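Coordinates in review
Each chain, letter by letter, is given below.
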Amino acid sequence: MHSTPSVTAAHATSAVGSPAGGAAIILARGYGGWAPEKVGSFTGLVLNVENMRATCEELRERGVRFDLEPEQQPWGMQAVIKDPDGNTFVLRSFEGAET
């Protein structure tokens, strides 16, 4: 992963992604319906992972907090993680999906 910060007249941003290219997450301040009261809530981001158990184990080792431990669903697995500000993100994998 690498991070590329930039500052424009209206917004400070940072793009985080693989050095090989492909998808990146752009973190920005001051867009759309942002409001201070939204800090500490569901972000709306669902991150797809290939191996839920290995991913969660690594995140735990790095001190990430879980709001929902990995659980099996008919469509696969999900877990919910929380950042230091209390914002939550869903981890999803299609492992064990019913066909």
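Structure first, text after, so check above.
Here we summarise the structure given alongside this text. (Residues numbered from 1 in each chain as written. Predicted model: local features only at pLDDT ≥ 70, side-chain atom pairs only at ≥ 80, totals over all residues. Heavy atoms only, no water.)

1. Here we look at the pairing of strand S6 (residues 76–82)
Applied cut-off: The buried label applies to any residue whose accessible area, calculated with a 1.4 Å probe on protein chains only, is under 20% of its type's maximum; exposed applies above 50%, and partly exposed to all values in between. Numbering goes from the N terminus for both helices and strands, where a helix is a DSSP run of H or I of at least four residues and a strand is a run of E of at least two. Strands qualify as paired when DSSP identifies two bridges or more between them.
In terms of residue burial, S6 counts as a mostly covered element, since six of its seven residues are buried. Here strand S5 (residues 65–73) runs beside S6; their pairing, made up of six bridges, is antiparallel. Across the sheet, Gln73 pairs through a bridge with Gly76, a residue of S6. As consecutive antiparallel partners, S5 and S6 are separated by two residues. Counting the residues that bridge the hairpin from S6 to strand S7 (residues 88–93) gives five residues, and of these Gly86 lies at a positive phi of roughly 90 degrees.

2. Remarks on the sheet that holds strand S4 (residues 42–48)
Test applied: The axes used here are C-alpha line fits, helices contributing only the stretch in contact, and every angle between their N-to-C directions lies in the interval 0 to 180 degrees. Should any heavy atoms of two residues lie within 4.5 Å, those residues are counted as being in contact.
Ordered by their spatial adjacency, four strands build an open sheet running S4-S7-S6-S5, and the pairing between neighbours is mixed. The outermost strands of the open sheet, each flanked by one partner alone, are S4 and S5. Adjacent strand axes in the sheet meet at a mean angle of 15 degrees, parallel and antiparallel pairs treated alike. With four bridges joining them, S4 and S7 adopt parallel strand pairing. The residue of S7 that forms the bridge with Asn48 is Arg92. Together, S5, S6 and S7 form the strand contacts of helix H1 (residues 52–61), whose direction differs from that of S5 by roughly 170 degrees.

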